[in-house]
Amino acid sequence: MTTKTPPPDAFADALAAARADAEGRLSAAEDVAAVDALSHEVLGRNGSLTALLRSVGELPVEDRPAAGQAANAARVAIETAVAQRLQDLSSGELDARLAAEAVDMTAPGSSRRAGHLHPLWTVERDLREIFHGFGFEIFEGPEIETEALNFELLNIPADHPARDLWDTLYLAEAGSIEAGAPRPADDGSILRTHTSPVQIRAMRSLGAPIRVLMPGRCFRYEAVDASHGFEFFQVEGLVVDRDTSMADLKWMLEEFARAMYGEGTATRFRPGYYPFTEPSVAFDIGCLVCGGTGCPACKHSGWMTILGAGMVHPTVLRNGGFDPAEYQGYAFGMGLDRLTLLRHGIGDLRYLLGADLRFLEQFSDGR
Ligand code: PHE
């Protein structure tokens, strides 16, 4: 027996004290790190309980088995308590994190608003696609046009009523508005009143054969109402080639009407007049509202006019640089606004260029 070694009772006391101390501190430990530190201090290689376990060897031989058993039991008890405390703490920490990071799955979502295409544009896009199928390319001209291209070169004479100041928006001579005496610019620039001047531009810059679709914004001096705007959109078409005929024009427009409005769409041609086409026609489709029986939308005629067309006038061909003895062509022009109103059954043109989102959001499906 050495003096260092406590007598068996003293050993049991030391063991009990170590265990009580460890358990007391464990329950006071507030986080995982504190438990780890404590377990190291008690159970580690230089830990207090480890030292006690080692000292069993120094007890009298007959006391060793009981002391060893008691010391091991204490170690297992402390280890179990440490594990338990660790589990409690970490599940507490998890609970706290879960509570802090909780997502309320029943809360109303915050939706992201996506934009969508404007109904005028979806109709124009459909036109582009249909005519692309016929081999047409897109050709665009300027919105500020010369009087010559908008009128003269299209065979519209100077005394034609369409040129009236009441129809045409002339650009003012610089400074004349400020001077209180507005007058049209000397260079004759106007806001184009239709897309037909682009026909001349296309003929002059493209060689035959020509197959172009010419969409664009147009302007007229109009009193704005449900069916008239001072700003509107047209889509013009032009084909120039050898041996084109009225039959080609007729076939193409009928095909177009079926592609746009469905296989069974009824169509008809009526004589029309435009200075830049000869002969000229108006092209009608069976009323989309009543199907042809007659209703207010078609003024009880059963038909709706969707475009004007004709064989390109020889003078216009010549102005575009073609010899009418060699080349012929046909042209057509339609109002995009009207096609859009018809497609959606909209009763007032003014909605289209207004900024009323309640109206526009109805077209969020891109149709
Ligand atoms: N430019 C004519 C209009 O504004 C439409 C049209 C185009 C007619 C081409 C015939 C040929 O009404």
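Residues numbered from 1 in each chain as written. Predicted model: local features only at pLDDT ≥ 70, side-chain atom pairs only at ≥ 80, totals over all residues. Heavy atoms only, no water.

## Focus: the packing of aromatic side chains
- In the structure shown here, the tally under the stated rule is eleven aromatic pairs.
- Consider the rings of Phe 136 and Phe 332, whose centres lie 6.3 Å apart with planes at 50 degrees: the pair is tilted. Pair noted here: Phe 136 is in the loop between α5 (119-133) and β1 (137-138) and Phe 332 is in strand β10 (residues 328-335), with a separation of 196 residues, a long-range link. Considered together, Phe 136 and Phe 332 belong to a single accessibility category, that of buried residues.
- Taken together, a centroid distance of 5.1 Å and an interplanar angle of 70 degrees make the contact between Phe 322 and Tyr 327 edge-to-face. By the burial criterion, Phe 322 is buried, and Tyr 327 matches it.
- Each member of the aromatic cluster is reached from another via a ring pair, and the members are Phe 131, Phe 134, Phe 136, Trp 251, Phe 256 and Phe 332. (Phe/Tyr/Trp six-rings, centres within 6.5 Å; stacked < 30°, edge-to-face > 60°. Helix = DSSP H or I, 4+ residues; strand = E, 2+ residues; numbered from the N terminus. Buried < 20%, exposed > 50% of the residue type's maximum accessible area, 1.4 Å probe, protein only.)

## Focus: helix α10 (residues 336-344)
- Of the positions making up α10, those classed as buried are Leu 336, Asp 337, Leu 339, Thr 340, Leu 341 and Leu 342.
- Where the residues of α10 are buried, they touch α5, β6 (231-241), α8 (246-261), β9 (303-312) and β10.
- Phi turns positive, to about 65 degrees, at Gly 345, one or two residues after α10. (Contact = heavy atoms within 4.5 Å.)

## What about the sheet that holds strand β7 (residues 267-274)?
- Taken in spatial order, the seven strands of this open sheet run β1-β5-β6-β10-β9-β8-β7, and their pairing is mixed. The open sheet has two edge strands with one neighbour each: β1 and β7.
- Pairing of β1 with strand β5 (residues 210-219) involves two bridges; the strand directions are parallel. Residue Glu 137 lies in a different strand from β5, and its bridge partner there is Val 212. (Pairing = 2+ DSSP bridges.)

## Looking at the site of the ligand
- Neighbouring the ligand are 14 residues, the closest being His 194, Ser 196, Arg 220, Gln 234 and Glu 236.
- One of the side-chain N or O atoms of His 194 is found 3.1 Å from a nitrogen atom in the ligand.
- Ser 196 is positioned with one of its side-chain polar atoms (N or O) 2.8 Å from a nitrogen atom of the ligand.
- For the ligand, the protein covers 89% of the area, taking 320 Å² as the surface of the free molecule.
- Sort the elements by how many residues they give to the shell around the ligand and β10 lands first, with three residues. (Near = heavy atom within 4 Å. Polar contact = N/O pair within 3.5 Å; in protein donor to acceptor, adjacent residues only side chain to side chain. Areas by Shrake-Rupley, 256 points an atom, 1.4 Å probe, with all protein chains shown as cover.)

## Some points on the pattern of salt bridges
- Per the counting criterion, the structure on display carries 20 salt bridges.
- Linking Arg 163 and Glu 147 is a salt bridge whose minimum nitrogen-to-oxygen distance equals 3.4 Å. One end of the pair, Arg 163, is in the loop between α6 (147-150) and β3 (169-170); the other, Glu 147, is in helix α6, with 16 residues separating them in the sequence.
- One continuous salt-bridge network, built from bridges that share partners, spans Asp 21, Arg 25 and Glu 41. (Salt bridge = Lys/Arg side-chain N within 4 Å of Asp/Glu carboxyl O.)

## Considering the pairing of β6
- Of all the eleven residues making up β6, nine are buried; the element is thus mostly covered by neighbouring parts of the structure.
- Pairing geometry for β5 and β6, over ten bridges, is antiparallel. For Met 214, the partnering residue across the bridge sits in β6 and is Glu 236.
- Strand direction decides the pairing type here: β6 and β10, joined by eight bridges, are antiparallel. Each residue of the ladder has a partner; that of Leu 238, found in β10, is Ala 331.

## Focus: unusual backbone geometry
- In this chain, Ala 208 is followed by Pro 209 through a cis amide linkage whose omega measures -5 degrees.
- Within the element layout of this structure, Pro 209 appears in the loop between α7 (197-205) and β5.
- Residues Glu 278 and Pro 279 are joined by a peptide bond in cis, for which omega reads -5 degrees.
- Residue placement: Pro 279 occurs in strand β8 (residues 277-286).
- Of note in this structure, Asn 155 is not a glycine but carries a positive phi near 70 degrees.
- Checked against the element boundaries, Asn 155 lands in the loop between α6 and β3.
- On the accessibility criterion, Asn 155 (27% relative accessible area) is partly exposed.

## Comments concerning the environment of Gln 84
- Within the fold, Gln 84 resides in helix α4 (residues 64-100).
- Overall, Gln 84 belongs to the partly exposed group, its relative accessible area being 42%.

## Some details on the packing of helix α2 (residues 32-43) against α4
- In contact at an axis separation of 9 Å, α2 and α4 are set at 170 degrees when each is read in the N-to-C sense. One element, α2, and the other, α4, form an angle in the roughly antiparallel class. In contact with Val 32, Val 35, Asp 36, Ser 39, Val 42 and Leu 43 of α2, α4 contributes Arg 75, Ile 78, Glu 79, Val 82, Arg 85, Leu 86, Leu 89, Ser 90 and Glu 93.
- In terms of residue class, the contact of α2 with α4 is made up of eight nonpolar, two polar and five charged. (Axes fitted to C-alpha atoms, helices over the stretch in contact; angles between N-to-C directions. Parallel < 35°, antiparallel > 145°, perpendicular 65-115°, else oblique. Nonpolar A, V, L, I, M, F, W, Y, C, P; charged D, E, K, R; others polar.)

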